[in-house]
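# Chain and residue survey
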Amino acid sequence: MLSLHDLQGHIKNGTLLPFYIFTGEEIELQNIYLRRMGEVVRVDKISEVYTKITSKLITNKTYKIYVCRDDSEFIRNEKAWKEISKKINNATLVLQITTPDKRSKIYKHFQDTNIVEFNHMTTKQLVNTINKSVDGTTADLTYLVESCNNDYNTILNYLDIFKRLGITKVTQKVVDEFISKKETATVFELADAVMELDGKKCFKLLDLLLEDKNNAMGIIYAIHNQLHKCVLVEGHRGQPDIAKKTGINSWIVSNILYGNKIKPANLLKALRLVQKYDSGIKTGKYNDAPFACYCLVTEILSL
């Protein structure tokens, strides 16, 4: 298996491999490395660009990084991937596999040569990373990192909330006000799962989060916030400078572009559903707020 140090060397020396498989729980760290690799083009299916990047008759004038996430069709097609490194011309193809089956043929075939695993960074690495953009003592930043279970994406989400609320310095008191230590899941993970239409993950996270009934309104807010951002980003899909045009952080834009599975027309319907349940809970129409959260998620998944 390739290490992150190996990948850093490929990027620094301009010796990128034609094909990589990225796995692991740190999706945002994957995004950081992808941006360092070059011009990224995301596709829903590798078949969309397969001929373009493998044909000897077609010359790719500009070197690009083609990225596809969880393409089950390609993963099953051994004929397509077995000699892929020899076939690709003037491009790099990156297949992101969220939960790889280490017993699968494709995993075993590329395990020693093309797979890079992105695990959570150490506490020290994360503190050094966020220390560049937020004020706080090493002890307080360490507390934040460990409260987020060393998940970089979760940390960035909370830092974004702090910034929007005008909180300029991270302290243990601030962390305790926003992050419950009893949670083994976050509302941001749930919002991502809703966006990805991952029903199994949604209900697992709901079960964990709603062990504390006070989380209900936080869940509603997080889903509304995510869907609103999806509407803005999808409205500019395919255009340059989406982050600048929408005012949404670039890492959130990247997450939506490759993670959102809700069709644009259904995003507006989903937002209206959130507003309906939010209003219903606040007015007392829905007395059982946790049950309302389950109903909301169920309706969005069925759009």
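The structure this text deals with has already been given above.
What comes next concerns the included structure. These numbers come from a predicted model, not from an experiment.

## Regarding the packing of aromatic side chains
Summed over all chains, the structure comprises 11 aromatic pairs. Seen in terms of ring centroids, Phe22 and Phe118 are 4.8 Å apart; in terms of plane orientation they differ by 55°. Their pairing is tilted. Within this pair, whereas Phe22 is found in strand S1 (residues 19-23), its partner Phe118 is found in the loop between strand S5 (115-117) and helix H8 (123-130), the two being separated by 96 residues in sequence. A residue is classified by how much of its surface remains accessible, and Phe22, at 0% relative accessible area, is buried. Arranged with centres 5.0 Å apart and planes meeting at 85°, the rings of Tyr158 and Phe188 form a pair that is edge-to-face. Linking Tyr158 in helix H10 (residues 152-164) with Phe188 in helix H12 (residues 187-195), this pair joins segments that are 30 residues apart in sequence. Since its relative accessible area comes to 5%, Tyr158 is described here as buried.

## A look at the sheet that holds S5
Think of a sheet as strands paired side by side through backbone hydrogen bonds, with each pair either parallel or antiparallel. Taken in spatial order, the 5 strands make up an open sheet running S2-S3-S4-S1-S5, and their pairing is parallel. On the outer flanks of this sheet lie strand S2 (40-43) and S5, each paired with one strand and no other. Neighbouring strand axes in the sheet, compared pairwise and without regard to direction, differ in orientation by 25° on average. Alignment of S2 against strand S3 (residues 64-69), held across 4 bridges, turns out to be parallel. Counted as the bridge partner of Arg42 is Val67 from S3. Its contacts with the sheet place helix H2 (residues 27-37) against S1, S2, S3 and strand S4 (91-97), and it is angled at close to 180° to S4.

Definitions and cut-offs
Residues numbered from 1 in each chain as written. Predicted model: local features only at pLDDT ≥ 70, side-chain atom pairs only at ≥ 80, totals over all residues. Heavy atoms only, no water. Phe/Tyr/Trp six-rings, centres within 6.5 Å; stacked < 30°, edge-to-face > 60°. Helix = DSSP H or I, 4+ residues; strand = E, 2+ residues; numbered from the N terminus. Buried < 20%, exposed > 50% of the residue type's maximum accessible area, 1.4 Å probe, protein only. Pairing = 2+ DSSP bridges. Axes fitted to C-alpha atoms, helices over the stretch in contact; angles between N-to-C directions. Contact = heavy atoms within 4.5 Å.

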